[in-house]
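Survey of secondary and tertiary structure
Listed below, chain by chain, are the residues.
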Amino acid sequence: IQFQHTSMTSVAAAGARALWHRFPRRLASTSASPPVVSEVRDSVARVTLANPKQRNSLSLETLRLLESTLNKHADDSAVRAVLLRSDGPVFSSGHHLREMDQGEALRRDVMSQCSRLMLRLHSLPLPVIAQVSGLATAAGCQLVVSCDLAVAASSARFATPGVKIGLFCSTPAVALARSVNGKMAMRMLLTGEPITAQEALASGLVSHVAEDADLEATTETLVAMVTRHSRPVVAMGKQTFYQQVKLPRDEAYRLCESTMLANLRLPDAQEGIAAFLEKRQPNWSHSDKEVVEKQK
C-alpha cells in the first residue's frame, strides 16, 4: 500500500510508517485468480483465502466473495460444515488499506460489507471452523473471532494494530468484546501488539491450538467430530445459541425451552433418542420437517 501521507495527521503518518516497516507491503493484484476459492469434500465446504501476494487482505471483492460463497454452501444440503483457511504465511492482514484512501463512498461499502459478512457467519446454518496459521490482524482477526470454532497453529499470532496508524479497530472490537475478556480485548486494541496462540486460547479468541506440524490433522479431527451430527439439529442449536446470549437469563430460558421442544419434533431427535435407548448408532435423515405426533 502506498499511504497518502498528505491525507493523514503527522502522528498517524508516523504510526503508518512504523507499521509499514513491521509488516510487508500489500501489493496490487497482478493475478486473475479469485481471492477466494472453495471445494466440497467429505461433506465439508473448504473455503480458502487465496491471495497471499496481498496477504489475504479483505478487499471489497474478497468480502463479497466470502459472503456469496458461504451462502452457496448454506444452500447445499450435502454440506455439514465450513472450514475457513488461507494460503501463504498470513491468514489475513485485514482491510485493504488502499481502499480506505479512495473516498468515503468506497469506505462505506467496505465497512458495510464487512459487517454483513461477520453477521452472516453467525446466522449461517452451518458450523464455521477457522484454521489459522501465521498472522491474523485487524479485520482478519475479527474474521477468526467471528467463526464458531478456531484452530490455531502454535506459531500463529493475532493483533488489532489499527491504533498504530490512527485507525482504531472499532469494528473488530465488536467481535473481540463478545468473545474474549475485557482486559485482553483492550490490551489488543490499545497497544496494537500481537498476542500468541496460547494467549488467544486462554482468552477465548480461539478454541484449539495445535503444533504447526499437527495443524491440519487437528483441524480435520475437529471437523469430523462436528460433521457427524444432524445438520438441522446443529443449525437450530447454533441459531439459538447466538440469540440467547444477548437476552436476560429468564428470556433466554424461555427461548431455549421453545427450541428444545421444536428440536424434539425433528426426526433426527427422535431417531437419536431411539438409537440411544436401543444401544446403536443413529441413522440421521437430516430432515428439517417436524414429525406430527398423534395425541396420546
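So, a few notes on the structure that sits alongside this text. Because the structure is predicted, anything quoted here is derived from the model rather than measured. (Residues numbered from 1 in each chain as written. Predicted model: local features only at pLDDT ≥ 70, side-chain atom pairs only at ≥ 80, totals over all residues. Heavy atoms only, no water.)

1. What about the packing of aromatic side chains?
- Applying the stated rule across the entire model yields 1 aromatic pair.
- Here Phe241 and Tyr242 contribute two aromatic rings whose centre-to-centre distance is 5.2 Å and whose plane-to-plane angle is 80°, an arrangement assigned as edge-to-face. (Phe/Tyr/Trp six-rings, centres within 6.5 Å; stacked < 30°, edge-to-face > 60°.)

2. A look at the nonpolar core
- Counting 54 residues, the largest nonpolar core has Leu66, Val132, Leu143, Val144, Phe158 and Leu205 as the members making the most contacts within it.
- Residue contributions to this core peak at 6 residues, all from helix 3 (residues 104-123).
- If near-sequence neighbours (up to four positions away) are discounted, Val144 is found in contact with Phe91, Ala130, Val132, Ala136, Ala150, Phe158, Leu205 and Val206.
- If you look at the next biggest cluster of nonpolar residues, it comprises 9 residues, including Ile129, Val151, Leu215 and Val223. (Core = buried A, V, L, I, M, F, W, Y, C linked by side-chain atoms within 4.5 Å. Buried < 20%, exposed > 50% of the residue type's maximum accessible area, 1.4 Å probe, protein only. Helix = DSSP H or I, 4+ residues; strand = E, 2+ residues; numbered from the N terminus. Contact = heavy atoms within 4.5 Å.)

3. Brief notes about a nonpolar patch on the surface
- Nonpolar side chains collect at one region of the surface, where Leu261, Leu264, Ile273, Phe276 and Leu277 lie side by side and expose about 570 Å² of accessible area between them.
- Sorting the residues of the nonpolar patch by element identifies helix 10 (249-264) and helix 11 (267-277) as the ones contributing at least two each.
- By the secondary structure assignment, Phe276 is in helix 11. (Patch = residues over 30% accessible without salt bridge, like charges linked within 9 Å, V, L, I, M, F, W, Y side chains within 5 Å. Areas by Shrake-Rupley, 256 points an atom, 1.4 Å probe, with all protein chains shown as cover. Salt bridge = Lys/Arg side-chain N within 4 Å of Asp/Glu carboxyl O.)

4. A few points about the pattern of salt bridges
- Counting across every chain of the model gives 13 salt bridges.
- Across the pair Glu104 and Arg107 runs a salt bridge whose closest N-O atoms are separated by 3.3 Å. Linking Glu104 with Arg107, this pair stays in helix 3, spanning 3 residues, or about one helical turn.
- Overall, Arg107 belongs to the partly exposed group, its relative accessible area being 28%.
- By sharing partners, the salt bridges in this structure join Glu39, Arg41, Arg85 and Glu216 into a single network.

Read these as spatial facts, not as claims about activity.
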